[in-house]
Amino acid sequence: MKKGTRLEPPDGGWGILVCVGMAMPFVSGLAALPSFGLVFGDFLKSIGAETSAIAFITSAFFCAFSFAGLFSGSLFNRFGVRAIGLTGGILYFTGCLMQIFVRSTLDLLIAFSLIQGIGFGLIVPTSYTTFNNYFVKKRVMWMSFAQSLIGLGTMFYPVLMQKFLEWYGFRGCLAVLAAINFHAVLGMLLMQPVEWHMRRLPINDQEMFENAKPPQPVITDNTQEDPNLLSPLTYSRKSSQKLSRENLRKLSSRSSSIASLGNWSGPVIVSDASPQMVNVLGSRRHSTAISNKSMPTSNNEVSDDKRSVWQIIVDFLDLTLMKKPIYVNIVLGISFALYSDIAFFTLQPLYMFHLGYDKPDTASIIAIGAAADLGSRVFLAFLAMFIQMPSRYIYLAGAFFTVISRFVFLTVFDFKNMAIITAVMGFLRTWIHVPLPLVFAEYLPKDRFATGYGLFMFLQGNIMFVIGPAVGYLRDMTQDYVLTFHCLNFFMALCAIPWILEIIFVKFRRRTKIGAISESK
């Protein structure tokens, strides 16, 4: 009897080079904003630009970044993941090359914010998509490896920028930086399709018996079925197995934790997530067909056509997620927290210059914060082996303790205490950045993760674009860094406080329902 075989991602092999390729552009992309004031501070001062210019440029960067991320999913389907990643890498390098010749704020806005923002917005989803395709069982280990490379690079980045400025001057430093950022193109060349490196493994008797079982229909509130819902790797796309609602509940009931960071291979619904997400798994892709069938076709065909176009837009952007209060709370909280974090560390060098620190001391303190960030990544990786905790709680703890540490930051002025509190904030910064994708993975099923995360990128970029210039204008009008940092701390609190209220409300509502059920019995 001839035994069958199945294809499985390599969980290593070429995937190791994918980790290296992901780290290449992420180092410069994630470290560029905290060091933006260090590199461009004197140039902007020489042309008469103030803090509002930095805030506007960085906000415009994230606006372009978010628009590129929003449409990355459809671009992947049409042109392929690797091709879009290469386009993003070329745009990112081109924007950095153009910065050598900037003469005004407008030139910097076009080169850095627009071109590099779009490029990085295509690089990020390409890297995450390729990484998730290559790793299934060992995602935690290799994600920790990639994050360590990124953290190591960001730790030395500000020190290198300071040395390059001393050795080569402003434009010479930008030329060297452009050469370094060319590695973004090389990194995207490493993003080969996983189909080129799949492992062929024999199927054992139990798997063959399970594959021989007749498919079971999906039981949902709608009469339509999704033929591609949660099809395992052992099945072809045309013969995907349909799961029953009971099987779906079993798959979705595994508890999420920081141990599953980057290690989800199916829908994950935690106790604080919205339970009605299960009901929409099989209905979103058929919402257009259902609505068209339910509408009369003889009365108003023009209205039907308009509704179909609108349904296509809703389905493409997955705008039905905006009806979910928990999803909206997650998006707003993370958007405010990310803006507060990025703006804070962007303004920190300028604040230290204002206090009288010279460039070497400022670069050293920034590097200490990056080293603490790297240590925190390693700490989370080891913590994941022993303690299971929802990543949203990790994120919430990071936001809460960051608010407290920033109040302490505003009370210290000497080098030693400034280095210590910067290290604490750098340690907590990892808790805000690393668990971010998993917060959405816990709430959204896998088939809605790409669109849900893309919608978040779009909303986050626009939120940053709106509030960024406002905070910069406040700083220029008041000439008060302390007031500006308090404002940024307020935005960080807008993540922690609503999330705490949501947890309290969800726990209270669940307890009330359980009490009502027990009383009825």
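Residues numbered from 1 in each chain as written. Predicted model: local features only at pLDDT ≥ 70, side-chain atom pairs only at ≥ 80, totals over all residues. Heavy atoms only, no water.

Some points on the nonpolar core
One finds Ile334, Tyr395, Phe440 and Phe456 to be the most contacted residues of the largest nonpolar core, which totals 104 residues. Among the elements that take part in this core, helix H13 (residues 325-355) stands out by supplying 17 residues, more than any other. (Core = buried A, V, L, I, M, F, W, Y, C linked by side-chain atoms within 4.5 Å. Buried < 20%, exposed > 50% of the residue type's maximum accessible area, 1.4 Å probe, protein only. Helix = DSSP H or I, 4+ residues; strand = E, 2+ residues; numbered from the N terminus.)

A closer look at the pattern of salt bridges
With the rule as written, the count across this model stands at three salt bridges. Between Arg429 and Asp341 there is a salt bridge, with the nearest N and O atoms lying 2.7 Å from each other. Of this pair, Arg429 sits in helix H16 (residues 415-433) while Asp341 sits in helix H13, and the two are 88 residues apart along the sequence. Residue classification places Arg429 among the buried positions, given a relative accessible area of 14%. (Salt bridge = Lys/Arg side-chain N within 4 Å of Asp/Glu carboxyl O.)

A short note on the environment of Ala337
On the secondary structure map, Ala337 appears in helix H13. Sequence-wise, Ala337 and Ala496 are 159 residues apart; in three dimensions their C-alpha atoms are separated by 8.6 Å. Residues within four places of Ala337 in sequence aside, it is in contact with Tyr395, Phe491, Met492 and Cys495. (Contact = heavy atoms within 4.5 Å.)

Focus on the pairing of strand S1 (residues 5-8)
A one-sided burial pattern is seen for S1, the buried positions being Arg6 and Glu8 and the unburied ones Thr5 and Leu7. For S1 and strand S2 (residues 199-202), the ladder comprises four bridges, and the chain directions are antiparallel. Its bridge partner lying in S2, Leu7 is registered against Arg200. (Pairing = 2+ DSSP bridges.)

Observations regarding helix H15 (residues 391-409)
Here H15 spans 26 Å end to end across 19 residues, near enough to the 27 Å set by a 1.5 Å rise per residue. Of all the residues in H15, the buried ones are Ser391, Arg392, Ile394, Tyr395, Leu396, Gly398, Ala399, Thr402, Val403, Ser405, Arg406 and Phe409. (Expected span 1.5 Å × (residues − 1).)

Notes on the packing of H13 against H16
At a minimum axis separation of 11 Å, H13 and H16 run at an interaxial angle of 165°. Comparing the axis directions of H13 and H16 gives the class roughly antiparallel. Crossing angle aside, the handedness with which H13 passes H16 is left-handed. Contact with H13, carried on its side by Leu338, Asp341, Phe344, Phe345, Gln348, Met352 and Leu355, involves Met418, Thr422, Met425, Gly426, Arg429, Ile432 and His433 of H16 and no other residues of that element. Tallied by class, residues from the contact of H13 with H16 come to eight nonpolar, four polar and two charged. (Axes fitted to C-alpha atoms, helices over the stretch in contact; angles between N-to-C directions. Parallel < 35°, antiparallel > 145°, perpendicular 65-115°, else oblique. Left-handed = near helix turned anticlockwise from the far one by under 90°. Nonpolar A, V, L, I, M, F, W, Y, C, P; charged D, E, K, R; others polar.)

Considering empty space enclosed by the protein
Tallying each qualifying case throughout the model produces six cavities of 30 Å³ or more. The calculated volume of the second largest cavity comes to roughly 140 Å³. Around the second largest cavity, the lining is made up of 15 residues, and of these Ala55, Thr58, Tyr339, Ala343 and Thr346 lie nearest the centre. For the lining of the second largest cavity, the secondary-structure elements that each account for two or more residues are helix H3 (51-70), H13 and helix H18 (446-478). Ranked by residue count, the leading element in the lining of the second largest cavity is H3, at six residues. Class assignment for the residues of the lining of the second largest cavity results in nine nonpolar, six polar and no charged. (1 Å grid on protein atoms, 1.4 Å probe; cavity = no way out; pocket = protein on both sides within 12 Å on 5 of 7 lines; lining within 4 Å. Points joined across faces, edges and corners; volume = space filled by probe spheres on them.)

Quick notes on the packing of aromatic side chains
Within this structure, the stated rule accounts for 28 aromatic pairs. Note on Phe93 and Phe182: the rings are 5.0 Å apart at their centroids and 75° apart in plane angle, and the pair reads as edge-to-face. In this pair, Phe93 sits in helix H5 (residues 81-98) while Phe182 sits in the loop between helix H7 (139-181) and helix H8 (183-189), placing the two residues 89 residues apart along the sequence. Residue classification places Phe182 among the partly exposed positions, given a relative accessible area of 35%. Plain terms: the ring middles of Phe336 and Phe491 are 5.7 Å apart, the flat faces sit at 25° to each other, and that makes the pair stacked. With a gap of 155 residues between them, Phe336 in helix H13 and Phe491 in helix H19 (residues 481-520) connect regions that are remote in the sequence. Of the two residues, Phe336 and Phe491, neither departs from the other in class, the shared state being buried. Each member of the aromatic cluster is reached from another via a ring pair, and the members are Phe26, Phe61, Phe65, Tyr92, Phe112 and Phe120. Taking the ring centre of Trp499 as reference, the NZ or CZ of Arg392 above it sits at 4.3 Å. (Phe/Tyr/Trp six-rings, centres within 6.5 Å; stacked < 30°, edge-to-face > 60°. Lys NZ or Arg CZ within 6 Å of the ring centre and 35° of its normal.)

Everything listed here is a matter of coordinates, which is why it stays silent on function.
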